[in-house]
Amino acid sequence: MTQNIYDNPAFFEGYATLDRSIKGLDGAPEWAAMQTLLPALTGKTVVDLGCGYGWFCRYARDQGAAHVLGLDVSVKMLEKAQEMTTGAGIVYQREDLEQLHLNAQSVDLFYSSLALHYLENIDALFATLYQALTPGGMLVFSAEHPIYTAPLKQGWLADQTGQKSWPVNHYQQEGERISNWFADGVKKQHRKLSSWINALIACGFVIKKLDEWGPDAEQIARNPALDEEKERPMIFLLTARKPLI
C-alpha cells in the first residue's frame, strides 16, 4: 500500500500551514498554469487523484461538472475535505491509487496535483486511467520534477557570491527517495522525465503539453520567496489525451 504519510499527525499539521492548504487553489503558484491545461468542465465526469482538502473537486463542481469524485489514501485529508464541502455533486472516497479499479470509459477528466510522485507503480495507474477515460478524455496532472527529486539529499548549494544551484546527481538511478519534510521518512519516487512520458505513451496516451513550471516576474514580485524557484524546475505539469478512436 502507498505510504499514508498525510495521516501522520506531525505531517498533517505541517501541511496545514502551507498557502495551498490555507488559500486553496489560489495559494498554489502553479495553479494559473494548470488552469490553461484544463478542458471545459461543464457536464463532465471528473476524478481528482489525491484530492486532499477537496479544493479542485469544489472548483470542478462550480465550473459545471456533472459528477466529481475525490480520491485520497488519507483519512485525515478526506475528513477535512468533507468538512469543507457543502452541497451535492461531490463524492469523497478512500483509495490507494496503486490499487485503483474503475469502470471502462466512465471518466472524462482525471486531475491530480502533486500526488503521483508518491506512487511506485505509475505504469499500472496510467493503464487504469486510460481504460477508464472516455474517448477524447484527458489526464491533467502535476508532479515533482525529476531535477528536484534526483539528489539523494535535497538542498541548495551556494557559491561565494550567494548564487544558488540545485545539485543534480543520481538522476539515472530511479527509485525511492526519502525526505524529511514535516515528518521524517517521507517516501517519494524519482523517475526520469522520459520515464513519465514513455509510461503514458505505452498506455496509448497522446501527450498534449508539458510545462516545466517556474514563477514569472509578477509572481516573484508578489511573493519574493518564489525567487529561488526560477533556478530550477521543482514541478512539471502535463496534459495527455485518450484518442477519439
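Residues numbered from 1 in each chain as written. Predicted model: local features only at pLDDT ≥ 70, side-chain atom pairs only at ≥ 80, totals over all residues. Heavy atoms only, no water.

**Regarding the UniProt feature "domain: Methyltransferase type" (unreviewed entry) in the protein**
So, point 1. Mapped onto the present numbering, the UniProt feature "domain: Methyltransferase type" (unreviewed entry) falls on residues 47-141.
So, point 2. Strand forms 32% of residues 47-141 and helix 31%; the C-alpha atoms that close the span are 12 Å apart. (UniProt positions renumbered as here; feature names shortened; annotations may be inferred. Helix = DSSP H or I, 4+ residues; strand = E, 2+ residues; numbered from the N terminus.)

**Digging into the sheet that holds strand S2 (residues 67-72)**
So, point 1. In spatial order, the strands read S3-S2-S1-S4-S5-S11-S10; together these 7 strands make up an open sheet with mixed pairing. Of all the strands in the sheet, the pair left with one neighbour each is strand S3 (90-94) and strand S10 (206-211). Each strand axis lies, on average, 15° off the axis of its neighbour in the sheet, ignoring direction.
So, point 2. The strands touched by helix H5 (residues 75-84) within the sheet are S2 and S3, with S3 carrying the most contacts at an inclination of about 165°.
So, point 3. The strands that helix H8 (residues 193-203) touches are strand S5 (133-144), S10 and strand S11 (235-241); relative to S10, the one it contacts most, it runs at about 155°. (Pairing = 2+ DSSP bridges. Axes fitted to C-alpha atoms, helices over the stretch in contact; angles between N-to-C directions. Contact = heavy atoms within 4.5 Å.)

**Some words on helix H4 (residues 55-62)**
So, point 1. Those residues of H4 that fall on the buried side of the exposure criterion are Phe56, Cys57, Arg58, Ala60 and Arg61.
So, point 2. In this fold, the buried residues of H4 make contact with helix H3 (31-35), strand S1 (45-49), S2, H5, S3 and strand S4 (107-113).
So, point 3. Directly after H4, the chain includes Gly64, whose backbone phi takes a positive value near 100°. (Buried < 20%, exposed > 50% of the residue type's maximum accessible area, 1.4 Å probe, protein only.)

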